[in-house]
Amino acid sequence: MAEPGLSHVASRCSRTSQVSSNLHAAGEALGMCPVGSAQPQVPAKLLPEPDVSLVRKKYVLSSFQDALMRHTSLVTQLVAQDQRVCIHFTSMLFGLVCSVEDGSVTDICIEVLIQLTTQLKLEETINCLLDECHKQLCNMPSMRGSLATLTLLGKLVDAIPAVADKLVVEHGNLMEHLLRGLVYPSEGVQASVCYLYGKLYSSPVAAEMLSGHFREKLCPLFLSILDGAQTKELQINCLGLLRQLLKYDLFVSMIMNKSSLAESAENVERPPGESSLPLVLKKLLLSRDEILQIASAHCITAVLVHSPAKHALAFIQADIPEFLFEHLSSSSEVLVWSSYNCLILLAEEPFFFSKCHTVYGIEAVVRSLQGSLKMNNTELHRQGLLLFAEILTRQPEEIKLFTTSAMCRDAGRALQEAVSSPVLEVATEAVKAISAFLRKDHQSVPPVQYRELRALLEAMLNRCAEFSQTPLSRRPLGHASSRDSEKAILRRGKFLLSTLEGFRNACRLAVEFQSEPSAQENPFTAPSAEKEDTLEAFSEFLLSASDCLCIPMVMRHLEQATHPALMEVFLSILYNLFVIVPHMKEKFSKKLAASSFIQLTLELKARFCSGLSYSALNQVCSNFLYNMCLNLLSSLEKTGPPSQEELSTVSEFLHHGLPQISSRGPESLAFLSDRQYVEGAARQRQFCILLLFYLAYIHEDRSAVISAIRKFLEIIPDLHLVYTHHPLLLRFFLLYPELMSRFGHRVLELWFSWEESSYEELDDVPSAGQPTLPTGLMSLFQMLRSSPSILLILLDLVYSSPVATARKVLIVLRTFLRRNEDVQVGGLIRGHFLLILQHLLVEHGSSPSGASGNLPLLLSLLSLVQLRNKSEPELDSMAMKLLHQVSKLCGKCSPSDVDILQPSFNFLYWSLHQTTPGSQKRAAAVLLSSTTLIELLEKILALTWAEAGSPRTALLCSAWLLTASFSAQQHDGSLQVHQTLSVELDEVLKALSFPNRKAALLSAAILRFLRTALQQRFSSALVALVPSGSQPPLASEDTVLAPLGTSQVLSLVIGLQNLLVQKDPLLSQACVGCLEALLDYLHARSPDIAFHVASQPWNRFLLFTLLDVGENSFLKSEILRLMTLFVRYRSSSILSHEDVGHVIQGAALADLSALSNTTLQALRGFFLQVQSMGLLADDSTAHTLRASLEGLSPSASSAKPPLQDMVCLGGVAVSLSHIRD
């Protein structure tokens, strides 16, 4: 049988057609013949031959390595098919590793072996390789040629970590050969051995098995190798092994014990061969190689993390802190960070401070911190601040840390920069360092730099305020988001607590400096300079900062969470402030009492201090209340302060009684009432409670009493049992939110039911100040102005109370809104009404009219609120929701539900017209999407012909106006139509041709609708104007005017003339507007008919009928527009040139400033039309015209205040500009 080898692999490979060209070339090189080759070539057999040149061997290996890297899966699959081939190939390559002296060839062989072994993952191949290595090392008389084998083993264990355990278990005696390698005088061999050891000790199983080997043989030898290493390769590999060993507490103890034994006394030399780890690492720290310095620092840290208390002393005695402080000035961020870590751990040993290492190194720490803050490495910032805080905290008071005021100032400025960092983790460490920095022994270097301290505290407080005001992230509801929110609140609480601790230390500093004359004032300040660097100015700053920043931040946090530790620090700050600024303590106490701090402190005691829990918090609360009560008693204004003897008595029972109080307001009231005969201690508690309630009451902090009253009232079945009809009682229940939220609805309900007046007389007088309001109503209005949220209760009453009561409430609300137009409550009312409407549509969707008889009252109030808007705001999401809900409500009603539909239509109409053009388009799109609303409008419009003079006339007016508005908005904005609306055109024309039976407003509304249809040339996608069944077809000559007929046009013109003769201002505007649109329509279809209609002789009679007897009676907008129409269509028989001249002359002589903007606009249009038609007979008339035009410039007319456009006429919402323009 032929010898299995690469030629066998090549013969298999030659039969694989998928091999790529690159692999094909490599196969040729290794003896893998191509398909169709007559005879296989096997140059791979040349690899172990001694007479083959290294160049050819290297080429063969490189080609195979290239094929293995490019086509890994294919090559490994081919090699793995035959185990004999695989093992033979591995042995052959290993033989080449051992036999070739060329380093580059050896490296390629090792790389190929490692790659092949890791890709094959065959147990047999690994075992073969380990056996070969073991055999090679055992057969070596010297370690001279072991470098390649050791290197191969190290890389194999690195590539396949599981090999480490196998090597130790199955080839344990190999360790003796590794020891031989360590003592062999070649640092290359030693480095390879250390590398292999490092990989073996990286496995916990192998490390445990090798623990005895290390203790007995390796430890002393390894330390001496590390100590004497010269080449960087050996140093790095030794440190790598050391890092692996230092992961285990057992090896750390062995090494450090060995080091302590090796360390000699000061005057005794170290025995040869004995090395101490601290001294070895110190030697590496002193090297100029940055990598070695970093590795050394890492090893020191690795030792110390196991137990600083056990091992730190050895490093300190070796003066390692001195060199670590020196490295803080390095430009390497990694080295600085590593040095920080070492020093933080060394700082846990008291000897670190007693040997004055910190005094030596504090300047380096400050300089390093200043430099690192200019970098973007936040982890470096954190570690530097952590070290600084440790030093500041642990530094003994008797050893002064800062020897000059300049160094203290630099430290404060570095902390100020750090606490302003946008990174929360950095700011957190900075706050802790500031807290430690604010110690008397750190700040007592004269002069005390109060200005710098103030800047530092301001930066800390501002950073905390900024963080506390950052909004919590809003995510979809769920457990995860709730946990995230809780974590965010917890982080805020911790940061606030650290900030308060720092501020408390500043307060303590101010208290301690009060007893030192040298700290009262900066002796180096010029006499004329402002006294900013004084203790007094610093103390006043502390009081101001507490008032403006600390207290608001704590109160905001209390709304989310209450932490006893935080409140303990907070109250101790307030307690210290009484001492720091004694001349302000009474004023400060009054402010705290008026801000409910008595109740806050009592609630804290009741919640946390019952029994023996939180004794420190209980003591702080008691001390704070004690001082505040005495301050308040000393500043009583009405009764005067008590005598010194009385104050002494009060002080005594407060001192003994306050720590015993841990009950809430209701329990305290019960304690006062239930125990008439009590012991001395309990009596002192009663005195304390009475005094606290009294002081809280006179300083407007009545929440504790209010809470007790609420508890009492909740027991009563119904308030009417204790109700008394009086304005003061109403004010009492509405003044306090706790009572209003619980009893406000019932109290107001009782109030209105007891009121004898129906208030109807108020609803008839819209003007403010008439008539005089009843006393009770004036009191209610004052409360409504101060607390508009009471309006929400009144809205609920309008909806849910009996009709008589609801009517009273509605009149009161209307009166309040009319008389208090400056109170902005529209958003409040609209939002609450939206909730009511949504609730109603859900519960009574099929028949909303039967839901509540008070719904029309609410809708009328909503319309009034809408009418109060003088501006044209954008419709927000709330307004759009209301439009949608009201349109849904209308769609569910029938035409007979006039009480609901009339105010609803008013609201829709006003919302559509009282906003910007963009919002009009969006609102129209929302309303047009309601098909039920459009269907309802069609039904109501059809009732116009059937119910003349019915009570629904107002509703018909609103329906026509809404339809005209919808049609205009749809046509102008090309809005989508979901439902068309049909109207009989001949009925519309008939209603206008014979208008005597109709109300003027209804006629105006129909005219506005017809005008819109004419302007759109009857092409609306929303409104379909259909003929009635009785209408005859149009004659052939009338088709040009379709859908109108000539007779219909003439009848309509006569109807418009008849309506104009009524001289109703609004109706006249509507008639003129419709006539303008009609003539435009006729002129576009048939100019002859348009001129014929405009030149009817009756028009001149109409014009003179409209003119009054008075002077300049033509100066009315509707008459001016009508004359403009006649001029435009050259109706000289109606309005002659002489008439035009008289009108112009009369206008020129009139006082134009007295005219409304509408009239001025119409007059300007008339003049421009006259000018364009060339009707100016002479120059004087032209001059008069030009003067009039200048007087009617847009800027002059716009200065006049506009008249109110949105009005309510007969219960119908009307936009005057919509009718007119």
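You'll find the structure just up there.
Now for a description of the structure that goes with this document. Given the structure is predicted, the values throughout are model-derived calculations rather than measurements. (Residues numbered from 1 in each chain as written. Predicted model: local features only at pLDDT ≥ 70, side-chain atom pairs only at ≥ 80, totals over all residues. Heavy atoms only, no water.)

## Thoughts on the packing of aromatic side chains
Here is the rule we go by: Working definition: a ring pair exists when centres of Phe, Tyr or Trp rings (six-membered ring for Trp) sit within 6.5 Å. Plane angles under 30 degrees give stacked, over 60 give edge-to-face, the rest tilted. Secondary structure elements are defined from DSSP: runs of H or I of at least 4 residues count as helices, runs of E of at least 2 residues count as strands, and each element is numbered from the N terminus. Categorising residues by exposure relies on relative accessible area from a 1.4 Å probe, with only protein chains included: less than 20% of the type maximum marks a residue as buried, more than 50% marks it as exposed, and the intermediate range marks it as partly exposed.
According to the stated counting rule, one finds 30 aromatic pairs in the structure shown. Note on phenylalanine 597 and phenylalanine 624: the rings are 6.5 Å apart at their centroids and 65° apart in plane angle, and the pair reads as edge-to-face. Placement of phenylalanine 597 in helix H32 (residues 597-608) and of phenylalanine 624 in helix H33 (residues 615-633) is noted, with a sequence separation of 27 residues between them. For the pair formed by phenylalanine 597 and phenylalanine 624, the shared burial category is buried. One aromatic cluster in this structure is built from Tyr197, Tyr201, Phe214, Tyr248 and Phe251.

## Overview of the packing of helix H43 (residues 803-819) against helix H45 (residues 855-867)
Test applied: Working convention: axes come from line fits to C-alpha atoms, limited for helices to the stretch in contact. Angles between N-to-C directions cover 0 to 180 degrees. Any angle from 65 to 115 degrees is called roughly perpendicular, while one under 35 is roughly parallel, one over 145 is roughly antiparallel, and all others are oblique. Contacts between residues were defined by any pair of non-hydrogen atoms, one from each residue, lying within 4.5 Å. In this count, Pro and Cys sit with the nonpolar residues alongside Ala, Val, Leu, Ile, Met, Phe, Trp and Tyr, while Asp, Glu, Lys and Arg are called charged and the others, Gly among them, polar.
Relative orientation of the contacting elements H43 and H45 amounts to 0°, with a least axis distance of 10 Å. Here H45 runs roughly parallel to H43, going by the angle between their axes. Contact residues: Ala806, Arg807, Leu810, Leu813, Arg814 and Leu817 in H43; Leu857, Ser860, Leu861, Leu864 and Val865 in H45. When its residues are assigned to classes, the contact of H43 with H45 shows eight nonpolar, one polar and two charged.

## Considering the pattern of salt bridges
Stated precisely, the cut-off is as follows: Salt-bridge detection follows one rule: a side-chain nitrogen of Lys or Arg within 4 Å of a carboxyl oxygen of Asp or Glu.
For the coordinates displayed, the defined rule picks out 28 salt bridges. As a salt-bridge pair, arginine 413 and glutamate 452 come within 2.9 Å of each other at their nearest N and O atoms. One end of the pair, arginine 413, is in helix H24 (residues 405-419); the other, glutamate 452, is in helix H27 (residues 450-468), and 39 residues separate them in sequence. On the basis of relative accessibility, which here comes to 41%, the residue arginine 413 falls in the partly exposed class. Classification of glutamate 452 by relative accessible area gives partly exposed; the value is 22%. A salt bridge links arginine 922 to glutamate 874; its shortest N-O distance comes to 4.0 Å. A residue pair is termed long-range when its members are at least 10 positions apart, and arginine 922 in helix H48 (residues 917-928) and glutamate 874 in the loop between H45 and helix H46 (877-891) qualify at 48 residues. For glutamate 874, a relative accessible area of 53% translates into the label exposed. Through salt bridges with shared partners, a single network forms among Glu363, Arg367, Arg409 and Asp410.

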